[in-house]
Amino acid sequence: MTGRNASIDQPRVLLFGASGFIGGQVRRTLGPVAALRCPRRDEFDLVRCEVDELGALLRAERPDVVVNCTGRLSGGSHDLVRANTGVTAKLLDAVAKETPDARLVRLGSAAEYGPVPPGHAVAEDDPALPISGYGVSQLAATRLVELAASAGRVDGVVLRVFNPIGPGTPEETLLGRVAALLRHVPVPDGTTGNLSLGSLAAYRDFVDVRDVASAVAAVAMAGTLAERVFNVASGRAVSAREAVRLVAETAGFAGEIREDRPAPERSADVGWMCGDIRRAGRLLGWTPSYDLEGSVKAIWSGGLD
């Protein structure tokens, strides 16, 4: 628990986005150790709400920890800023006013870094130069948290999540899309045919969503922290081509994988990404537990354990 609430055995956690890919796993991880309140989006929409409405919710719940697992991956600049930056600004203002002792945890993204030199494991203090609207909206939100924390307004922490995969991987991601396509290969035995994807030359740091959830739990339960930004990654760069091959093998697919589609805008010009996770290990006692093979098996099986 945070330093100002260290005497609380079971913290009260207000979790936004609990029905999503990462948020659902965070809910399962925190459930046994925290008193959880998980507003549904139709019950409380962070994008549409006003700061005063959010403040009223905080006064009613009096959380020790607020975790935001909501966000937007694609869309126009206005939509991205509204969902990622604007929501963070509202949370900061409301928490600072109503529950200043609560720890605010938001999920950031590796896209905040922009291009990284091949072979380099990017650390939290490395330059952050995003090249997509998504990355800019995430970095702006992170900077707001850092500014509020340095001013003593909010006990805010950002977890920069790299490429999350594992049980429940959504189709908006590369490996989730591949798994979905393979489930609909129009061949009786599923071993022939072909897949059309974008370039798979890039290297990515794939981290299991269950490890992301354990990092959230570690931050929620930690005492006073000397740092405000933590990479949540596997610490290993893997070629997208190799990762897709693992999904295909797991699915029993032996057809052709073509690279003839455009890559997503938010990552098309980033050829290498690998996270340095030493800070999280040193200050949170967190290290990833799942390997790529286990994560891919979970993608295909759809299991949530």
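Thresholds, definitions, all that
Residues numbered from 1 in each chain as written. Predicted model: local features only at pLDDT ≥ 70, side-chain atom pairs only at ≥ 80, totals over all residues. Heavy atoms only, no water. Pairing = 2+ DSSP bridges. Helix = DSSP H or I, 4+ residues; strand = E, 2+ residues; numbered from the N terminus. Axes fitted to C-alpha atoms, helices over the stretch in contact; angles between N-to-C directions. Expected span 1.5 Å × (residues − 1). Buried < 20%, exposed > 50% of the residue type's maximum accessible area, 1.4 Å probe, protein only. Parallel < 35°, antiparallel > 145°, perpendicular 65-115°, else oblique. Left-handed = near helix turned anticlockwise from the far one by under 90°. Contact = heavy atoms within 4.5 Å. Core = buried A, V, L, I, M, F, W, Y, C linked by side-chain atoms within 4.5 Å. Disulfide = S-S within 2.5 Å. Salt bridge = Lys/Arg side-chain N within 4 Å of Asp/Glu carboxyl O. 1 Å grid on protein atoms, 1.4 Å probe; cavity = no way out; pocket = protein on both sides within 12 Å on 5 of 7 lines; lining within 4 Å. Points joined across faces, edges and corners; volume = space filled by probe spheres on them.

In the nomenclature of an unreviewed UniProt entry, the protein is known as Nucleoside-diphosphate-sugar epimerase of Plantactinospora soyae.

Before going further, it helps to examine the sheet that holds strand β5 (residues 155–161). Ordered by their spatial adjacency, six strands build an open sheet running β2-β1-β3-β4-β5-β10, and the pairing between neighbours is parallel. Single-partner strands in this sheet number two, and they are β2 (35–37) and β10 (229–232). Within this sheet the neighbouring strands show an average axis-to-axis angle of 25 degrees, counted without direction. In this sheet, strand β4 (residues 103–109) lies alongside strand β3 (residues 65–68) in parallel orientation, the contact comprising four bridges. Counterpart to V67 in the pairing with β4 is V105.

Before going further, it helps to spend a moment on helix α4 (residues 133–150). The α-helix winds at 3.6 residues per turn, so residues separated by three or four positions along the chain end up facing the same way. Helix length check: α4, at 18 residues, gives a terminal C-alpha distance of 26 Å against a target of 26 Å (1.5 Å per residue), a fit within 8%. Listing the buried residues of α4 in full gives Y134, G135, S137, Q138, L139, A141, T142, V145, A148 and A149.

This next bit is on the packing of helix α2 (residues 51–61) against helix α3 (residues 77–98). At a closest axis distance of 9 Å, the pairing of α2 and α3 adopts a crossing angle of 45 degrees. By the angle between their axes, α2 is oblique relative to α3. Crossing of α2 over α3 shows right-handed handedness. Counted together, V51, L54, G55, L58 and R59 of α2 and K90, L91, D93, A94, V95 and E98 of α3 form the full contact between these two elements.

Before going further, it helps to spend a moment on the nonpolar core. Nonpolar side chains tend to gather and get buried jointly when the protein is soluble and globular. In terms of nonpolar packing, the biggest core is built from 45 residues, with I22, V26, V67, L159, V232, M273 and L284 touching the most fellow members. Listing elements by their share of this core, those giving two or more residues are β1 (12–16), α1 (21–30), β3, β4, β5, α6 (209–221), β10 and α8 (278–284). In terms of residue count, the dominant contributor to this core is α6 (nine residues). Apart from residues no more than four positions distant in its own chain, I22 is found in contact with C69, L107, V161, P164, V209 and V212. Core analysis: the second largest hydrophobic core is formed by 21 residues, F44, L104, A148 and V154 among them.

Looking now at the state of the cysteines. Covalent bonding between the sulfur atoms of two cysteines is what defines a disulfide. According to the stated counting rule, one finds zero disulfides in the structure shown. Unpaired in terms of disulfides, C38 finds its nearest cysteine sulfur in C69, a separation of 9.4 Å.

Once that is clear, we can look at the pattern of salt bridges. If you walk through the whole model with that rule in mind, you get 22 salt bridges. One salt bridge in this structure joins D93 and R153, with 3.2 Å as the shortest N-O distance. Separated by 60 residues along the polypeptide, D93 in helix α3 and R153 in the loop between α4 and β5 bring together distant segments of the chain. Since its relative accessible area comes to 35%, R153 is described here as partly exposed. Residue E256 is joined to R258 by a salt bridge in which the shortest nitrogen-to-oxygen separation is 3.4 Å. Judged by its relative accessible area of 33%, R258 falls in the partly exposed class. Where salt bridges share partners, they join E124, D125, E227 and R279 into one cluster.

The next thing to look at is empty space enclosed by the protein. Applying the stated criterion across every chain yields a total of one cavity of 30 Å³ or more. The computed volume of the largest cavity comes to approximately 30 Å³. When contributions to the lining of the largest cavity are tallied by element, the ones reaching two or more residues are α3 and β4. Here the lining of the largest cavity takes four residues from α3, the largest share from any one element.

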